[in-house]
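Read off the chains here:
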Amino acid sequence: MRQVENSALDDALVVIDNLHFAHSFGAHQVYRNLSMRVPRGKITAVMGPSGIGKTTLLRLIGAQLYPQQGSIEFAGHNVHQLNRRDLYELRKRMSMLFQSGALFTDMTVYDNIAFPLREHSQLPEEIIDTIVKMKLEAVGLRGARDLMPAELSGGMARRAALARAIALDPELILYDEPFAGQDPISMGVIVKLIKELNASLGLTSIVVTHDIAEVMTIADYVYILADKQVVGHGTPAQLKQSDDPLIHQFLHGEADGPVPFHYAAASLEDDLLGSDHA
Amino acid sequence: MLNRVAALGKVTLDAIAGAGAALFMLMRALFGKPQLRKSWPLLMQQMYSVGVLSLLIIVVSGLFIGMVLGLQGYTILVDFGAEQSLGPMVALSLLRELGPVVTALLFAGRAGSALTAEIGLMKATEQLSSLEMMGVDPLRRVISPRFWAGFYSMPILALVFSAVGIYGGYLVGVRWLGVDDGAFWSVMQSNVEWGQDILNGVIKSLVFAFVVTWIALHKGYQCTPTSVGISRATTSTVVTASLAVLGLDFVLTALMFG
Ligand SMILES: Nc1ncnc2c1ncn2[C@@H]1O[C@H](COP(=O)(O)OP(=O)(O)OP(=O)(O)O)[C@@H](O)[C@H]1O
Ligand SMILES: [Mg+2]
């Protein structure tokens, strides 16, 4: 693995150390010896081919999944060794934008966004109301506040979910594909929003995405995952100048190169001509 | 042969693991610091969707079953000249057996399946995961109010069922077939005991409520989060809960009246 020196990594909010993970015993190994540091107060982008395990990584950080080996520390706590109560306490300090949005289908958009505030803050309802409206305004959905999630388009639902994820201004926000399904305008708005949250409140963000061009403009640090590991990392400027063929392939979206585009499988010829399914 | 033994072993282990997981889920959902301010509205909301919305099917079934009891009871009793005993016969059958059992079976089909499907879908759409990630325990937030709602509403539904059923028996026996009105009620009153009949019926339905709601919630919570997984879990709720109710009914009846 290429080692790119960067002093920003000294103050890390999330430290991942030698992580090994498979979804179940004997299943396809997702990570082998993964190590990463997520700098505090910065935007860290995580990129990698589809199915490589980016969503899995976010779930590991939130301790919804447990690794077979290795550790993940968030603000100095090993998230996988906390008891339930401490883990739930710690999770109040982070939030996650799910790839599917995961809005509560039995509540309006407004109540979805008010939900974490009502659960975890002692704020009076008037202040919650102001915060919810501001967050909705930030994602351009103030007019949609009385709709039910089922009445939103896919892109709108993700923006509503984004508003919910940032409602409490947590220390760490995990964004799983925040740009997917957005038109160029809302994409620009979301990019700006992530940047602003980071600049004005000093939040730490981890952005998982395929939209290389967008994320390279806001990320302070980038990790590229492939082959169960980090295959390249550095600031966007460092990566753009990199002559590593892997990084080059990924940044320029070439199908042929060291990063396999296909999920591990037998050769196509064998599969088409062979008879292991017949 | 060895394979069969191994498979049997695996099924047994899975069953034990499943029961353990179900117990664990229930413990975590029910024991913990209650937060009245937040749980009360959640409980009321669930009492409505689990209890109140089951009322119609309970009332209609209760009425029909009571009417059938009146009719069948009359034709049997009249041969012995004992049609005066129609009142207690209808009331005892309902309070001791049919009220709790049929209510539980209807409840499993109406509310249990709905609970399983709802929770399974919440799982499939990652709503449960997102609660977890927000630091809100889904067991406390989602499972617990539904459990209590089922537990409290089923005995009430069973009593409603019995009451409506007795009225159905009265309609057929007294109004239609001409059993003496006063005798119907007074013989019933002197033969139905508060503790032995009514209380035992309520205890039965509390046990059924516990088991049916628990099964429904557990099946939803543990289901494979896909459309097939949810539909299997829903079917499994109805089948498992119904069998459990019938089996437990025998045990309880043996203990109470045996
Ligand atoms: N619940 C699960 N059980 C078993 N394997 C799983 C499960 N969820 C994901 N996987 C496997 O783990 C790997 C990583 O999945 P993950 O969802 O993390 O990918 P991803 O990088 O987020 O992909 P995408 O960019 O398409 O969202 C995949 O190979 C997938 O097959
Ligand atoms: Mg993903």
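In what follows, the accompanying structure is described. (Residues numbered from 1 in each chain as written. Chains lettered and ligands numbered in written order. Predicted model: local features only at pLDDT ≥ 70, side-chain atom pairs only at ≥ 80, totals over all residues. Heavy atoms only, no water.)

This part takes up the overall build of chain A. A count of helical and extended segments in chain A gives 10 helices and 10 strands. Computed over its C-alpha atoms, the radius of gyration of chain A comes to 20 Å, within 12% of the 19 Å expected for a compact globule of 278 residues. In terms of overall dimensions, chain A has C-alpha extents of about 60 × 45 × 40 Å along its principal axes. Looking at chain A residue by residue over its 278 residues, the buried ones come to 52%. Counted over contacts in chain A with a minimum sequence separation of 6, partners at least 24 positions apart contribute 65%. (Helix = DSSP H or I, 4+ residues; strand = E, 2+ residues; numbered from the N terminus. Rg over C-alpha atoms; globule rule 2.2 N^0.38 Å. Buried < 20%, exposed > 50% of the residue type's maximum accessible area, 1.4 Å probe, protein only. Contact = heavy atoms within 4.5 Å.)

Attention shifts here to the interface of chain A and chain B. Counting residues at the interface gives 23 residues for chain A, matched by 16 residues for chain B. Roughly 1,900 Å² of surface becomes buried between chain A and chain B when both sides are summed, with 51% attributable to carbon and sulfur atoms. For the chain A face of the interface with chain B, the top three residues by lost area are Arg84, Tyr88 and Glu119 of chain A, together amounting to 27%. At the junction of chain A with chain B, the criterion picks out three salt bridges. Among the ionic pairs, Arg84 of chain A bridges to Asp137 of chain B, the shortest N-O distance being 2.8 Å. Counting across the chain A and chain B interface gives 12 residue pairs in polar contact (both at pLDDT 80 or more). (Buried area = accessible area lost by both parts, 1.4 Å probe. Salt bridge = Lys/Arg side-chain N within 4 Å of Asp/Glu carboxyl O. Polar contact = N/O pair within 3.5 Å; in protein donor to acceptor, adjacent residues only side chain to side chain.)

Our focus in this paragraph is the environment of Val187 of chain B. With respect to the secondary-structure elements, Val187 of chain B resides in helix H7 (residues 181-191). Apart from residues lying up to four places away in sequence, Val187 of chain B is in contact with Gln84 and Pro88 of chain B.

Before going further, it helps to examine helix H4 (residues 125-138) of chain A. All names here are of chain A. The first and last C-alpha atoms of H4 sit 20 Å apart over 14 residues, in line with the 20 Å expected at 1.5 Å per residue. Turning to H4, its buried residues number three or more, namely Ile128, Ile131, Val132, Lys135 and Leu136. Within H4, the buried residues cover an arc of 135 degrees as seen down the axis, which keeps them to one side. Every exposed residue of H4 that faces more than 90 degrees away from the buried side is listed here: Glu126 and Met134. Downstream of H4 by a residue or two, Gly140 has a phi angle that is positive, lying close to 75 degrees. (Expected span 1.5 Å × (residues − 1). Arc of directions from axis to C-beta.)

Bear in mind that shape data such as this cannot, by itself, settle questions of function.
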